[in-house]
Amino acid sequence: PGSIKMFSPKSYCFAIDKNMIYFEGHPFKDIDIKSCAFVGDNCFSLLKDKNHIYSTFSVGYYTDENYIIQPVKNLDPNKYQPINNVYGKDDNLVYYKGEPIAGSDPKTFIILEDYAKDTNSVYFDGLQVKNLDAATFECIEGGRYVKDKAGVYFGLSPNVDPSGNVTSFSGS
């Protein structure tokens, strides 16, 4: 074991020494340590070096052993701009935890509490919500309530189809 300094007080899952970065105590050798930087400030943040943007995610149920870091494909680290800890964008798309959101518009994309929207759609956890109108969608009371031209909703839970799209919400 070498001398390990905390990379950032906000990023308690990461540590770094002169040779490599550690994620929850496990060494990650593939990143360029000299150009490494965080994109976000928690365990679900992205990492960036001169070559790639890296996503941290769990494969299956969360344990130290199945939590991995891997490069995000087709994402230029010089064009990627973080929006918050989980959303980011480049010239063409918006990304959620490093995964592209098909059909998203990075020029009009905004965060609204636990939701997000652009001119095309409303999103929840990076998934497109098909039954809400983006043009009239807004959050009320810190996101406890949401509304669009069809109504006001409370206590919504997303219903996800097999392809990963939020198709509707349950609640009142």
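Predicted model, so just to flag it, every value in this text is computed and none were measured.

(A) Molecular detail of the environment of Lys117. Along the chain, the position of Lys117 falls in strand E14 (residues 115-117). Separated by 17 residues in sequence, Lys117 and Ala134 place their C-alpha atoms 6.2 Å apart. Sequence-distant contacts of Lys117, defined by excluding residues within four places in its chain, comprise Thr108, Phe109, Ile110, Leu112, Val122, Tyr123, Ala134, Ala135 and Phe137. Only 3.1 Å separates the side chain of Lys117 from the backbone oxygen of Ala134, close enough to count as a polar contact.

(B) Expanded view of the pattern of salt bridges. All told, the structure shown has two salt bridges when counted by the stated rule. The partner of Asp91 in a salt bridge is Lys79, with the nearest N and O atoms 4.0 Å apart. Placement of Asp91 in the loop between strand E10 (87-89) and strand E11 (94-96) and of Lys79 in the loop between strand E8 (67-71) and strand E9 (81-82) is noted, with a sequence separation of 12 residues between them. According to the relative accessible area criterion, Asp91 is partly exposed, its value standing at 48%. The closest approach of N and O atoms between Glu138 and Lys147, which form a salt bridge, is 4.0 Å. Classification of Glu138 as partly exposed rests on a relative accessible area of 37%. With relative accessibility at 30%, the residue Lys147 sits in the partly exposed group.

(C) How the structure looks around the sheet that holds strand E19 (residues 151-154). Across the sheet, three strands lie side by side as E17-E18-E19; this open sheet has antiparallel pairing. With partners counted over all chains shown, the strands left at the sheet margins are strand E17 (138-140) and E19, one partner each. For this sheet the average axis-to-axis angle between neighbouring strands, irrespective of direction, equals 30 degrees.

What counts as what
- Residues numbered from 1 in each chain as written.
- Predicted model: local features only at pLDDT ≥ 70, side-chain atom pairs only at ≥ 80, totals over all residues.
- Heavy atoms only, no water.
- Helix = DSSP H or I, 4+ residues; strand = E, 2+ residues; numbered from the N terminus.
- Contact = heavy atoms within 4.5 Å.
- Polar contact = N/O pair within 3.5 Å; in protein donor to acceptor, adjacent residues only side chain to side chain.
- Salt bridge = Lys/Arg side-chain N within 4 Å of Asp/Glu carboxyl O.
- Buried < 20%, exposed > 50% of the residue type's maximum accessible area, 1.4 Å probe, protein only.
- Pairing = 2+ DSSP bridges.
- Axes fitted to C-alpha atoms, helices over the stretch in contact; angles between N-to-C directions.

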